[in-house]
Amino acid sequence: MAASTSTAAGEEKKPTTLNKLDRLETEIEDLCRSMRNDEVSEQELQEHFLDFSPEQLKLVVGRMAKARKIQIKTDEQHRPSIRLRDPMIARKLLAIEDEDEIKTYEAIEAVGSKGIASRIIKYKTKQAVTRVAKTLAALESKQLIKAVKLQKNTQHVKSYILFHLKLDDQAGAHITVFGEGTNFDTQGFDMVSKLCTVFLKNRMKDFIQRKMSSEATASEILENVRQTNTVKVDLVEESIEAVMKMLELNGKVERREHIDPELGPVVRYRLHVSKSDRPEASIPCIGCPVKNLCSLDSPINPVDCPHFDAWVKKVDF
């Protein structure tokens, strides 16, 4: 009889615990709605819900993530936070059984209104090109994402964003130096894009040969483009940033933000090289019979090596 009483007591406690966690979930949702962008950091969660243990918070947040109610994010300092999704979007995501579709959606969701190219989605989700195309089409049919052309007058770069968002067209806001509408200077824009790419490609070569920085600021790129004396329009730094935005969305350039102790946030760009595209396997140094004698201060060195130079020119970084 005592055992029966103990079991009954245990059964009475279980619903109480579940109700407590259900209440916590509701309160987390309310807290998210009260914050900017419906987003709450992990620290804010812990400070707000002092009556709950970290384990309980983790359990409920995991439960909400599994139900697709929230997006789990991390900032540049790798600090976690959660953002509440729209209930209708959460229901649509919960109905999706294909994990590749979920990974693709989350990759697009992570960039917000900046947009992301299919090449970058392929790199982040580790899917084949045909698979990426299929998952993008499926998500578009469900009205979860949409494809947007960044600038109709240029390379027709297609960027993907969430269905309810508007693309943050930073490039479109600063390319007036190239003209607008039917007067847009497509040839000039494409020429500047090519010069920027060549400059960053040379930076990558310098990095490989002499361990110099592979990155460059917009002002450094602008100075190099001006030195070529091939561009007729009067370029400014914002023009280069617009071009770099286009190249970034096309998967050719990476944008990196560094914190300078004196200047604060500094944006630098480098050529995009994915792990799967890295050309190290074909480098002639691997089978070179005199590689043990090769160094920068030796008569045998990579700078003067015709085989290494030919490889650098051949490789599409």
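Presented here is an overview of the structure given in this document. If you're wondering where the values come from, they're calculated on a predicted model, not measured in any experiment.

In this section: unusual backbone geometry. Even without being a glycine, arginine 68 presents a positive backbone phi close to 65°. Along the chain, arginine 68 turns up in the loop between α3 (54-66) and β2 (70-74). On the basis of relative accessibility, which here comes to 17%, the residue arginine 68 falls in the buried class. Positive phi, normally seen in glycine, also occurs at asparagine 229, with a value near 55°. Counting through the fold element by element, asparagine 229 comes out in the loop between α10 (218-227) and α11 (237-249).

Next up on the list: the pattern of salt bridges. One pass over the structure, following the stated rule, counts 20 salt bridges. Residue arginine 85 is joined to glutamate 109 by a salt bridge in which the shortest nitrogen-to-oxygen separation is 2.8 Å. Of this pair, arginine 85 sits in the loop between β3 (80-84) and α4 (87-94) while glutamate 109 sits in helix α5 (residues 99-110), placing them 24 residues apart in sequence. In this pair, the class of arginine 85 matches that of glutamate 109, namely buried. The shortest N-O distance in the salt bridge between aspartate 100 and arginine 131 comes to 2.9 Å. In this pair, aspartate 100 sits in helix α5 while arginine 131 sits in helix α7 (residues 129-141), placing the two residues 31 residues apart along the sequence. Residues joined in a network through salt bridges with shared partners are Asp22, Glu25, Glu29, Asp30, Arg33, Arg63 and Lys69.

In this section: the environment of phenylalanine 52. For phenylalanine 52, the location among the structural elements is in the loop between α2 (42-48) and α3. Here phenylalanine 52 is in contact with Lys20, Arg23, Leu24 and Leu57, once residues within four sequence places are set aside.

This part takes up the layout of surface pockets. One number sums up the size of the largest pocket: a volume of about 1,900 Å³. As for the largest pocket, its lining consists of 48 residues, and the residues nearest its centre are Thr74, Ala110, Val111, Lys114 and Lys124. Taken together, the elements giving at least two residues each to the lining of the largest pocket come down to β1 (39-41), α2, β2, β3, α5, α6 (118-125), α11 and β6 (253-260).

We now examine the sheet that holds β2. Two strands in a sheet stick together by hydrogen bonds in their backbones, pointing the same way (parallel) or opposite ways (antiparallel). The 3 strands lie next to each other as β1-β3-β2, forming an open sheet whose pairing is antiparallel. Two strands close off the open sheet at either side, each with one partner strand: β1 and β2. Within this sheet the neighbouring strands show an average axis-to-axis angle of 25°, counted without direction. Both β2 and β3 contribute to a ladder of 5 bridges, which runs antiparallel. Bridge pairing in β3 places isoleucine 70 opposite leucine 84. Against the sheet, α3 contacts β2 and β3, and its axis sits at roughly 115° relative to β2.

Calculation rules
- Residues numbered from 1 in each chain as written.
- Predicted model: local features only at pLDDT ≥ 70, side-chain atom pairs only at ≥ 80, totals over all residues.
- Heavy atoms only, no water.
- Helix = DSSP H or I, 4+ residues; strand = E, 2+ residues; numbered from the N terminus.
- Buried < 20%, exposed > 50% of the residue type's maximum accessible area, 1.4 Å probe, protein only.
- Salt bridge = Lys/Arg side-chain N within 4 Å of Asp/Glu carboxyl O.
- Contact = heavy atoms within 4.5 Å.
- 1 Å grid on protein atoms, 1.4 Å probe; cavity = no way out; pocket = protein on both sides within 12 Å on 5 of 7 lines; lining within 4 Å.
- Points joined across faces, edges and corners; volume = space filled by probe spheres on them.
- Pairing = 2+ DSSP bridges.
- Axes fitted to C-alpha atoms, helices over the stretch in contact; angles between N-to-C directions.

Treat this as a map of the structure, not an account of what it does.
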